[in-house]
Amino acid sequence: MAVQRTFSIIKPDATERNLTGAVNAVIEKAGLRIIGQRRIKMTQEQAERFYAVHSERPFFGELVEFMTSGPVVVQVLEGENAVAKYREVMGATNPADADEGTIRKLYAKSIGENSVHGSDSEENAAIEIAQFFSEADIAG
Ligand code: RTP
Ligand code: MG
């Protein structure tokens, strides 16, 4: 498996509890490199565009409201098989179903406020990275 990039967001429930460093420690311990990172406050438009795939879901309004409720840290991660590896490191969407040692098991508050996002495919990773980063802000 080749070296891949994936896109990560440390969500507002985690930045609010000062967990950026703790989340990054889990990411780095898993062998993923943080090759781009920026702390931002997402606008409504950014959040709606980012989660457009969920626009018809009943939780969409709540999700956009949550993602714009406080600062987030957007990240580019790099490593062997990074997309699937980061999904493993994050754990299941609902922390009640997440494996021990995963970020969501350790830190997520609920299925909605679940501390991190990670791309679900290499194709989506490229799209999501391009939404928040220019190549000049990534150093592998
Ligand atoms: P993400 O996209 O944030 O990495 O999460 P995921 O792939 O594990 O889950 P996905 O199905 O893509 O859902 C996106 C985010 O929407 C929120 N959600 N809330 N209240 C609910 O039932 C519900 N279901 C999903 C979560 O914040 C989830 O991460
Ligand atoms: Mg998803």
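Residues numbered from 1 in each chain as written. Chains lettered and ligands numbered in written order. Predicted model: local features only at pLDDT ≥ 70, side-chain atom pairs only at ≥ 80, totals over all residues. Heavy atoms only, no water.

Where an unreviewed UniProt entry is consulted, the protein appears under the name Nucleoside diphosphate kinase, with the organism given as Hyphomonas jannaschiana VP2. UniProt, in the comment section headed Cofactor (unreviewed entry), describes the protein in these words: "Mg(2+)". (UniProt positions renumbered as here; feature names shortened; annotations may be inferred.)

**Student:** Break down the UniProt feature "active site" (unreviewed entry) in the protein for me, with residues and values.
**Tutor:** The feature "active site" (unreviewed entry), as given by UniProt, occupies His117 in the numbering adopted here. Note on placement: histidine 117 falls in strand β4 (residues 116–118). When neighbours within four sequence positions are excluded, histidine 117 is seen to be in contact with Phe7, Ser8, Ile9, Lys11, Phe50, Tyr51, Tyr86, Met90, Arg104 and Glu128. (Helix = DSSP H or I, 4+ residues; strand = E, 2+ residues; numbered from the N terminus. Contact = heavy atoms within 4.5 Å.)

**Student:** Can you explain the packing of aromatic side chains? Please cite residues and give values.
**Tutor:** One pass over the full model with this rule turns up four aromatic pairs. Between the aromatic rings of phenylalanine 7 and phenylalanine 132, the centroid separation amounts to 5.4 Å while the plane-to-plane angle is 5°, which identifies the pairing as stacked. Taken together, the positions of phenylalanine 7 in strand β1 (residues 3–10) and phenylalanine 132 in helix α7 (residues 122–132) put the pair 125 residues apart, joining distant regions of the chain. With respect to class, phenylalanine 7 is no different from phenylalanine 132; both count as buried. Relative to phenylalanine 132, the ring of phenylalanine 50 has its centre 6.0 Å away and its plane inclined at 65°; by these criteria the two rings are edge-to-face. (Phe/Tyr/Trp six-rings, centres within 6.5 Å; stacked < 30°, edge-to-face > 60°. Buried < 20%, exposed > 50% of the residue type's maximum accessible area, 1.4 Å probe, protein only.)

**Student:** Talk me through helix α4 (residues 60–67); I want residue IDs and the actual numbers.
**Tutor:** What α4 keeps buried is the set Phe60, Leu63, Val64, Phe66 and Met67. With its buried residues spanning 160° around the axis, α4 presents them on a single face. Away from the buried face of α4 by more than 90 degrees, exposed residues Glu62 and Glu65 are located. Buried residues along α4 sit against β1, α1 (12–16), α3 (44–50) and β3 (72–80). (Arc of directions from axis to C-beta.)

**Student:** Could you give me a rundown of the pattern of salt bridges, with the residues and numbers involved?
**Tutor:** Counted by the stated rule, this structure contains five salt bridges. A salt bridge links glutamate 100 to lysine 105, with the nearest nitrogen and oxygen atoms 3.8 Å apart. Residue lysine 105 is classed as partly exposed on the basis of its relative accessible area, which comes to 34%. In this structure, lysine 109 and glutamate 113 form a salt bridge, with 3.7 Å as the shortest nitrogen-oxygen distance. Overlapping salt bridges, with partners in common, bring together Arg5, Glu78 and Glu135 in one network. (Salt bridge = Lys/Arg side-chain N within 4 Å of Asp/Glu carboxyl O.)

**Student:** Lay out the layout of surface pockets in plain terms, naming residues and giving numbers.
**Tutor:** Within this model, the largest pocket holds a volume of roughly 720 Å³. Along its surface, the largest pocket is lined by 27 residues, and Tyr51, His54, Phe59, Leu63 and His117 are the ones closest to its centre. Elements that contribute at least two residues to the lining of the largest pocket include exactly α3, α4, α5 (82–90), β4 and α7. The element that contributes the greatest number of residues to the lining of the largest pocket is α7, accounting for four residues. Of the residues belonging to the lining of the largest pocket, the class tally is ten nonpolar, nine polar and eight charged. (1 Å grid on protein atoms, 1.4 Å probe; cavity = no way out; pocket = protein on both sides within 12 Å on 5 of 7 lines; lining within 4 Å. Points joined across faces, edges and corners; volume = space filled by probe spheres on them. Nonpolar A, V, L, I, M, F, W, Y, C, P; charged D, E, K, R; others polar.)

**Student:** Any details on the side chain of asparagine 114? Residues and values, ideally.
**Tutor:** Within the secondary structure, asparagine 114 sits in the loop between α6 (103–107) and β4. A polar contact of 2.8 Å, which involves the side chain of asparagine 114, links it to the side chain of lysine 11. (Polar contact = N/O pair within 3.5 Å; in protein donor to acceptor, adjacent residues only side chain to side chain.)

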